[in-house]
Amino acid sequence: MRSTRGIGLLIVLVLLLFGGCMGCGTYNSLVGEEEAVNEAWGNVETAYQRRSDLIPNLVSTVQAAGDFEQETLSQVTAARARATGVTLQADDLQDAERLMEFQAAQSQLGGALGRLLVVSENYPQLRATEAFRDLQAQLEGTENRINTARTRYNAAVRQYNTAIRRMPAALFAGMFGHAPRAAFEAEKGADAAPEVNFPS
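Here the structure is a predicted model, which means the values were calculated and not measured. (Residues numbered from 1 in each chain as written. Predicted model: local features only at pLDDT ≥ 70, side-chain atom pairs only at ≥ 80, totals over all residues. Heavy atoms only, no water.)

### Focus on the overall build of the protein
Here comes step 1: For the protein, the helix and strand inventory stands at six helices and zero strands.
Here comes step 2: Along the protein, helices (α) and strands (β) appear in the sequence α-α-α-α-α-α when read from the amino end.
Here comes step 3: Evaluated residue by residue, the protein yields a buried proportion of 32% over its 200 residues.
Here comes step 4: Taking contacts inside the protein between residues at least 6 apart in sequence as the whole, the part at least 24 apart equals 79%.
Here comes step 5: Entry remark: accessible area of the protein is about 12500 Å², with carbon and sulfur atoms responsible for 56%. (Helix = DSSP H or I, 4+ residues; strand = E, 2+ residues; numbered from the N terminus. Buried < 20%, exposed > 50% of the residue type's maximum accessible area, 1.4 Å probe, protein only. Contact = heavy atoms within 4.5 Å. Areas by Shrake-Rupley, 256 points an atom, 1.4 Å probe, with all protein chains shown as cover.)

### Looking at the packing of aromatic side chains
Here comes step 1: Within this structure, the stated rule accounts for five aromatic pairs.
Here comes step 2: One aromatic cluster is present, formed by Trp41, Tyr48, Phe102, Tyr153 and Phe184 through successive ring pairs.
Here comes step 3: The ring of Phe184 carries the charged tip of Arg150 above its face, separated from the ring centre by 4.3 Å.
Here comes step 4: In this structure, Arg181 is placed above the aromatic ring of Tyr160, and the distance from its NZ or CZ to the ring centre is 5.7 Å. (Phe/Tyr/Trp six-rings, centres within 6.5 Å; stacked < 30°, edge-to-face > 60°. Lys NZ or Arg CZ within 6 Å of the ring centre and 35° of its normal.)

### Some points on the confidence of the model for the protein
Parts of the prediction with low pLDDT should not have their coordinates interpreted in detail.
Here comes step 1: When pLDDT is averaged across the protein, the result is 80; 86% of the residues are at 70 or more.
Here comes step 2: The low-confidence segment residues 196-200 (pLDDT under 50) makes zero contacts with residues lying over four places distant or belonging to another chain. (pLDDT = per-residue confidence, 0-100.)

### Re unusual backbone geometry
Here comes step 1: That bond from Met167 to Pro168 is cis: its omega, 0°, falls within 30 degrees of zero.
Here comes step 2: Checked against the element boundaries, Pro168 lands in the loop between helix 5 (130-165) and helix 6 (169-173).

### Description of the nonpolar core
Here comes step 1: Ranked by size, the top nonpolar core spans 45 residues in total, and within it Trp41, Leu58, Leu113 and Tyr153 carry the most contacts.
Here comes step 2: Elements represented by at least two residues in this core include exactly helix 1 (2-64), helix 2 (70-85), helix 3 (96-119), helix 5 and helix 6.
Here comes step 3: When residues in this core are grouped by element, the largest group, twelve residues, is from helix 1.
Here comes step 4: Tyr153 has contacts with Val37, Ala40, Trp41, Val44, Leu93, Ala182, Ala183 and Phe184, leaving out every residue within four places of it along the chain. (Core = buried A, V, L, I, M, F, W, Y, C linked by side-chain atoms within 4.5 Å.)

Shown next, in the form of structure tokens:
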């Protein structure tokens, strides 16, 4: 009777030890995945910050060109203020609405910059300045960095969200406070090709 009880107790202890080891391994793995998401988000913020930092130089260069459209410059400046006013912390990445708000503010800034660059085509003296050409090239490079950072962030989010839904991690994820993170999504109308009209 005692040997059966001892074997039963030993089995329970082995199962508890195994479950504890599995829980620790799962926890450590999820922490690594979560930190990868945070790092990827930091890269997204850095890319957006680079774009935001370039804008005052661009606006100054355009203003120096003279009789440029003030309304367009005001729109860029206002859009930059809105975009820098919407910030997200790592904990906010679980809220898809907050991420959409951030994305909308950044999209408004991108649209205002696009209008500025299109309108600048009507000002040959502006396009001819070396400073404007350099800033335009830097902005184009920054937009590519933003796209790359967002793509990498989405990949990290997918990997993390998959990890917390797989067994046995799904058993421990909720206990350890690991919730799904929101990913960037295409904006409304992004599936429609833009119309390109060349003046005749």
